[in-house]
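Summary of the model geometry
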Amino acid sequence: MTKMMMKRRAFVSALALGTALALSGASLAQDVTKVAAIWTVPVEQQWASRLHNALVAAQDRGEIEYVYSENVTNTDYERVMREYAEQGVKLMVGEAFGVEQPARAVASEYPEIMFLMGSSLPPVEPNFATFDNFIHEPSYLTGMVAGAKTESNIIGMVGGYAIPEVNRLMNAFMAGALSVNPDVKFSVSFINSWYDPPKAKEAAFAMVDAGADILYAERFGVSDAAKERGILAIGNVIDTAADYPGTILASALWHGEPMIDKAIADVKAGTFAASDYGIYAFMEHGGSSAVYDEALAGAEVVAAAKAKEAEIMSGAFTVEINDAEPSSTM
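Residues numbered from 1 in each chain as written. Predicted model: local features only at pLDDT ≥ 70, side-chain atom pairs only at ≥ 80, totals over all residues. Heavy atoms only, no water.

Section: the overall build of the protein chain
Helix and strand counts for the protein chain come out as eleven helices and eleven strands. Along the longest, intermediate and shortest principal axes, the C-alpha atoms of the protein chain span 95 × 45 × 40 Å. By the burial criterion, 50% of the 330 residues in the protein chain qualify as buried. Expressed as a percentage of contacts within the protein chain between residues at least 6 apart in sequence, the contacts between residues at least 24 apart total 67%. Averaging the positions of the 23 positive and the 42 negative side-chain charges in the protein chain gives two centres separated by 12 Å. (Helix = DSSP H or I, 4+ residues; strand = E, 2+ residues; numbered from the N terminus. Buried < 20%, exposed > 50% of the residue type's maximum accessible area, 1.4 Å probe, protein only. Contact = heavy atoms within 4.5 Å. Lys, Arg positive; Asp, Glu negative; His and termini not counted. Charge placed at Lys NZ, Arg CZ, Asp CG, Glu CD.)

Written out as structure tokens, the structure is:
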């Protein structure tokens, strides 16, 4: 073989290798799904943070390219949705609670994009799936802890809005408390905001002044009130025990990963459907859990809650889903 032929073969081999690598890179790029999320609150807020963190984790694994907007007002939500839709995203995640009609209108105009939206209304074919944080099961368990520990038999409960997503958690908590202490009474208040810690704190202070010795912290700000007044609190969605040492008896946690990972996998496989992805928040799917501070709650109280948790996981006990607005019983 002449030197000229050897050089030519080497050149062709290098060209083939480069082409293969380029095609491989293109294939990998195609496997990375672009996902956009739109939040009306800061991503640090309880509800949004569970999903935001799951999306960040998926991006860190190289599965998606993740972009997001936070603190988007309801009046600006539709515009932001359309901007992301024009940028080639394959999956859009967000909260449609205050923008149901505009969000669904945008989805109908972009059938090639899959939408996974927190919503109180049903999914819509072909591409508008819904979800919710169904953490009523661990909420029931934390209610058992609170009902067993209250000494005044008055529990204060501060929520954001009286919508099904909040109502079912508060009702489950109340049912859990009553299951171990039929004498407990509840003071219930809604601040009509998803993120107003000072307002939530003031509402909680009023409940403490009325005799509550345990506070149900559905919103940020309530645990601050409990800490300042030296009483106990029940956490919701995220574990804030480290931020309020000696204050958080137990917390009902939401884990966004099962739902987000399932949605991403479905988009990649072309099997994403306009269905309710909220089921992936159930304890059986690993979408929710309860954590306890045994030093505060006591070993017997925690053991009772864990025994009931085992019944939930086995199917022997079902926590009722009650979306009706809860009311004070004092």
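Focus: the environment of Gly 62
On the secondary structure map, Gly 62 appears in the loop between helix H2 (46-60) and strand E2 (64-69). By relative accessible area, Gly 62 is classed as partly exposed at 42%. Through-space distance from the C-alpha of Gly 62 to that of Ala 252 is 30 Å; in sequence the pair is 190 residues apart.

What about helix H7 (residues 197-209)?
Taking 1.5 Å of rise per residue, the 13 residues of H7 would be expected to cover 18 Å, and the 18 Å separating its terminal C-alpha atoms lies within 8% of that figure. On its buried face, H7 sits against strand E6 (154-159), strand E7 (185-190), strand E8 (214-217) and helix H8 (222-229). Two residues or fewer after H7 comes Gly 211, characterised by a positive phi angle close to 115°. (Expected span 1.5 Å × (residues − 1).)

Things to note about the sheet that holds E8
Sheet architecture is open: six strands sit in the order E7-E6-E8-E9-E10-E11, paired in mixed fashion. Of all strands in the sheet, those bounded by a partner on one side alone are E7 and strand E11 (288-292). Neighbour to neighbour, the strand axes of the sheet diverge by 15° on average, direction disregarded. Where E8 lies against strand E9 (residues 232-237), three bridges are found, and the strand directions are parallel. Note on E9: the bridge partner recorded for Tyr 216 is Ile 234. (Pairing = 2+ DSSP bridges. Axes fitted to C-alpha atoms, helices over the stretch in contact; angles between N-to-C directions.)

Concerning the sheet that holds strand E3 (residues 91-95)
The strand order across the open sheet built from five strands is E2-E1-E3-E4-E5, with neighbouring strands paired in parallel fashion. With partners counted over all chains shown, the strands left at the sheet margins are E2 and strand E5 (128-131), one partner each. Averaged over all neighbouring strand pairs, the angle between strand axes comes to 20°, with direction disregarded. The strands that H2 touches are strand E1 (33-38), E2, E3, strand E4 (114-118) and E5; relative to E2, the one it contacts most, it runs at about 150°. Across the sheet, helix H9 (residues 257-269) lies against E1, E2, E3, E4 and E5, angled at about 165° from E4, the strand it touches most.

What to know about the packing of aromatic side chains
All chains considered together, the criterion is met by 13 aromatic pairs. Look at Phe 173 and Tyr 216: their rings are 4.6 Å apart centre to centre, the planes differ by 40°, and that puts the pair in the tilted class. On the criterion of sequence distance, the pair formed by Phe 173 in helix H6 (residues 164-180) and Tyr 216 in strand E8 is long-range, its members being 43 residues apart. For the residue pair Phe 173 and Tyr 216, the accessibility class agrees, reading buried in each case. Through a chain of ring-to-ring contacts, three or more aromatic side chains come together here, namely Trp 39, Trp 47, Phe 97, Phe 131 and Trp 254. Looking at Lys 308, its charged tip hangs above the ring of Phe 317, at a distance of 4.3 Å from the centre. (Phe/Tyr/Trp six-rings, centres within 6.5 Å; stacked < 30°, edge-to-face > 60°. Lys NZ or Arg CZ within 6 Å of the ring centre and 35° of its normal.)

Details of unusual backbone geometry
Residue Pro 126 follows Glu 125 across a cis peptide bond; omega there is 5°. With respect to the element layout, Pro 126 can be found in the loop between E4 and E5. Unlike most non-glycine residues, Asn 71 shows phi in positive territory, near 55°. Assignment of secondary structure puts Asn 71 in the loop between E2 and helix H3 (74-85). Even without being a glycine, Asn 153 presents a positive backbone phi close to 60°. Tracing the backbone shows Asn 153 in the loop between helix H5 (136-149) and E6. The partly exposed category is assigned to Asn 153, whose relative accessible area is 23%.

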